[in-house]
Every structure is written in C-alpha cells, then in structure tokens.
Amino acid sequence: MIEQSVRVARVADIAPGTATVITPEVSGHPTPIALFHTADGFHAVDDTCTHLGASLARSKVVDGEVDCWLHHGRFCLRTGEATYYPARNPLQVFPVEVRDDEVWLVPGRG
Ligand code: FES
C-alpha cells in the first residue's frame, strides 16, 4: 500500500501498450511495481508474479489481464485476481491517477 501520493512517471514516458517497473526508490513501496499503459488507462500491480517471481512488466496484456511471459499465468489488472493457471495467488493492486501529464500512485485500497 502506498502511504502518500507519489509521482512515478510522465504519461509520455510509457507508450500505450507498454509497461515499466517502478522501483522502491521511486514509489516508497518495498517491492517493485509494474505500471501498464493500456487502452483503458494506467494500471499498477505488483511486478513480481506470485507463481515463480517473473517480472510482469515484461508481459503482454490481453483483455485486461496480464499474461505472465514465463508460464502464462494470468492476472486481472483491475483487481489483481489470479485468473489462469499456474497463477493462483492474487497480485496487490495500486490505485493510479493521471494528473495533467503525470502518473501518480495514490493511497487507497490495494
Ligand atoms: S512465473 Fe508467472 S506464471 Fe510462472
């Protein structure tokens, strides 16, 4: 969970259809966060796959779900729910706001 709002990127830094890793040094969160720019906006979830630890920012997004590149477990980007084997445990999600041309992680349920 993010304790206070933190600016993590500029919108222009993350092309639509791509993602980046937000490091703990930037976010203040103890583990890396994957920030995806999808057709319906920005989504932030744990970067570390709950199956065997692959970086999810390297993965594709299909129908609102991140499809882990290593074993193709899937997770809903909106809820973090594991939706396809071998993924079983959910990801933490982080609320995101776009303010002008900046992307912020904000406190909230995650
Ligand atoms: S490491 Fe992601 S599905 Fe196995």
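Keep in mind that this is a model prediction, so the values were computed, not measured. (Residues numbered from 1 in each chain as written. Predicted model: local features only at pLDDT ≥ 70, side-chain atom pairs only at ≥ 80, totals over all residues. Heavy atoms only, no water.)

A. Representation of the overall build of the protein. The helix and strand inventory of the protein stands at 1 helix and 11 strands. Counted from the first residue to the last, the protein has its helices and strands arranged as β-β-α-β-β-β-β-β-β-β-β-β. With the C-alpha coordinates aligned to their principal axes, the bounding extent of the protein is approximately 35 × 25 × 20 Å. By sequence separation, contacts in the protein at least 24 residues apart represent 38% of the contacts at least 6 residues apart. When the accessible surface of the protein is totalled, it reaches about 6,200 Å², and 49% of it is carbon and sulfur. Side-chain charges in the protein split into 9 positive and 14 negative, and the spacing between the mean points of these groups amounts to 4 Å. (Helix = DSSP H or I, 4+ residues; strand = E, 2+ residues; numbered from the N terminus. Contact = heavy atoms within 4.5 Å. Areas by Shrake-Rupley, 256 points an atom, 1.4 Å probe, with all protein chains shown as cover. Lys, Arg positive; Asp, Glu negative; His and termini not counted. Charge placed at Lys NZ, Arg CZ, Asp CG, Glu CD.)

B. Spotlight on the sheet that holds strand β3 (residues 33-38). An order of β2-β3-β4-β9 is seen for the 4 strands of this open sheet, with the pairing classed as antiparallel. In the strand order of this sheet, the two ends are held by β2 (19-22) and β9 (93-94), each with one partner. Two elements, β2 and β3, share 4 bridges in a ladder whose sense is antiparallel. Residue pairing in the sheet places Ile22 in a bridge with Ile33 of β3. (Pairing = 2+ DSSP bridges.)

C. Quick peek at the nonpolar core. Counting residues in each nonpolar core, the largest one holds 15 residues, and the members touching the most others are Phe36, Val45, Cys49, Leu56, Val66, Phe75 and Leu91. When sequence neighbours within four positions are dropped, the list of residues in contact with Leu56 reads Phe36, Asp46, Asp47, Thr48, Cys49, Val66, Cys68, Phe75 and Leu91. Counting 13 residues, the second-largest nonpolar core is a separate cluster that includes Val6, Phe42, Ala44 and Phe94. (Core = buried A, V, L, I, M, F, W, Y, C linked by side-chain atoms within 4.5 Å. Buried < 20%, exposed > 50% of the residue type's maximum accessible area, 1.4 Å probe, protein only.)

D. Structural detail: the side chain of Thr38. Secondary-structure assignment places Thr38 in strand β3. Separated by 2.5 Å, the side chains of Thr38 and Asp40 make a polar contact. Setting aside its immediate chain neighbours within four residues, Thr38 contacts His43, Val61 and Leu77. (Polar contact = N/O pair within 3.5 Å; in protein donor to acceptor, adjacent residues only side chain to side chain.)

E. Representation of the environment of Ser5 within the structure. Counting through the fold element by element, Ser5 comes out in the segment before β1 (6-10). Here Ser5 falls in the partly exposed class, since its relative accessible area comes to 33%. In this structure the C-alpha to C-alpha distance between Ser5 and Asp101, which are 96 residues apart in sequence, comes to 15 Å. Contacts of Ser5, omitting those with residues within four sequence positions, involve Arg99, Trp104, Leu105, Val106 and Pro107. Engagement of the side chain of Ser5 in a polar contact is seen with the side chain of Arg99, the distance being 3.5 Å.

This is a description of form; function is not addressed.
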